[in-house]
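Here is how the chains run, residue by residue.
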Amino acid sequence: MNLNYIVYRIMDYYLSVMLRAVTVYLFMILAIRLFGKRELAQLSVIDLVFILLISNAVQNAMVGPDNSLLGGLTAAAGLFIANFILKKLIGRYDSIGRFIQGQPIMLIYKGAVQEKNLLIAGFTHAELEAAIREHGVEKIENVDLAMLEVDGNISVLIDDFKTKSHRKRIHKTLRNPNATT
């Protein structure tokens with residue numbers, strides 16, 4: 001066999017792996033865009049299991065029967081390149097950013113839940129109430145504005161739209177029972 005032909009076939013194969021990985025990447029972005037967005041901290045158990053199963057389901061679509069290190073690295077390289085290009089396009093063209101990431105969604109305005117937008121965002125009242133409590137606000141009625149941002153975070157304004165509340169993080173520290181204080 002001709003060496004050029006062998007090199008061509010190898011390059012063609014790994015380019016195919018890379019293109020399959022990029023196709024799956026773009027499909028997943030579109031699917032997530034269509035089916036909702038959430039911050040990782042807001043994922044339910046069902047969401048987490050779903051993501052794990054999807055990642056397992058699409059793995060073979062990316063690398064096919066190739067379980068080699070080179071096949072995996074080729075797929076990963078394709079994903080990194082596609083991610084880099086997509087982020088550059090989003091940063092440069094607002095229309096692409098709006099198409100891929102969407103726009104912020106108003107969830108609460110002047111203490112009233114925007115039911116239609118809550119449905120569009122795929123949030124339940126319980127999830128919204130939990131998100132508001134994470135911001136240190138006891139009742140929805142105390143919220144002037146709550147927005148689901150394009151990155152999946154929920155921003156909350158209170159005090160006549162003057163104060164942006166911040167998430168309250170609970171940090172647990174491990175104490176050594178034998179240590180003296």
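Residues numbered from 1 in each chain as written. Predicted model: local features only at pLDDT ≥ 70, side-chain atom pairs only at ≥ 80, totals over all residues. Heavy atoms only, no water.

Concerning the overall build of the protein chain
Point 1. Assigned secondary structure in the protein chain consists of six helices and five strands.
Point 2. Element order for the protein chain, N to C, with α for helix and β for strand: α-α-α-α-β-β-α-α-β-β-β.
Point 3. The proportion of buried residues among the 181 residues of the protein chain is 28%.
Point 4. The long-range fraction of contacts in the protein chain, counting pairs at least 24 apart against all pairs at least 6 apart in sequence, stands at 59%.
Point 5. Total accessible area on the protein chain is roughly 13,200 Å²; 63% of this is exposed by carbon and sulfur atoms. (Helix = DSSP H or I, 4+ residues; strand = E, 2+ residues; numbered from the N terminus. Buried < 20%, exposed > 50% of the residue type's maximum accessible area, 1.4 Å probe, protein only. Contact = heavy atoms within 4.5 Å. Areas by Shrake-Rupley, 256 points an atom, 1.4 Å probe, with all protein chains shown as cover.)

Concerning the sheet that holds strand β5 (residues 163-164)
Point 1. Strand order in the open sheet formed by five strands is β2-β1-β3-β4-β5, with antiparallel pairing between adjacent strands. Two strands bound the open sheet, and with one partner strand each, they are β2 (112-113) and β5.
Point 2. Bridging between strand β1 (residues 105-109) and strand β3 (residues 145-148) involves four bridges; their strand directions are antiparallel. Among the inter-strand pairings, Tyr-109 is bridged to a residue of β3, identified as Leu-145. (Pairing = 2+ DSSP bridges.)

A word on the pairing of strand β4 (residues 154-158)
Point 1. Burial runs high along β4: four of the five residues are buried.
Point 2. As paired elements, β3 and β4 share four bridges and run antiparallel to each other. Among the inter-strand pairings, Ala-146 is bridged to a residue of β4, identified as Val-156.
Point 3. The turn linking β3 back onto β4 is made up of five residues, and Gly-152 within it adopts a positive phi angle of 95°.
Point 4. Relative to β5, β4 is paired through two bridges, and the arrangement is antiparallel. Within the sheet, the bridge partner assigned to Leu-157 lies in β5 and is Lys-164.

Description of the environment of Thr-23
Point 1. Tracing the backbone shows Thr-23 in helix α1 (residues 3-35).
Point 2. Remark: the alpha-carbon pair of Thr-23 and Met-62, spanning 39 residues in sequence, is separated by 8.1 Å.
Point 3. A distance of 2.8 Å separates a polar atom in the side chain of Thr-23 from the backbone oxygen of Leu-19. (Polar contact = N/O pair within 3.5 Å; in protein donor to acceptor, adjacent residues only side chain to side chain.)

A few points about the packing of aromatic side chains
Point 1. Applying the stated criterion across every chain, the model contains one aromatic pair.
Point 2. Judged by centre distance (4.9 Å) and plane angle (85°), the rings of Tyr-13 and Tyr-14 are edge-to-face.
Point 3. By relative accessible area, which is 29% here, Tyr-13 ends up partly exposed. (Phe/Tyr/Trp six-rings, centres within 6.5 Å; stacked < 30°, edge-to-face > 60°.)

What about the nonpolar core?
Point 1. Residues Leu-107, Ile-108, Leu-128, Ile-132, Ala-146, Ile-154 and Val-156 are the most contacted members of the largest nonpolar core, which totals 18 residues.
Point 2. Within the residue set of this core, elements represented by two or more residues are β1, α5 (115-121), α6 (125-134), β3 and β4.
Point 3. If sequence neighbours within four positions are ignored, Ile-108 has contacts with Val-113, Gln-114, Leu-128, Ile-132, Ile-140, Val-143, Asp-144, Leu-145 and Ala-146. (Core = buried A, V, L, I, M, F, W, Y, C linked by side-chain atoms within 4.5 Å.)

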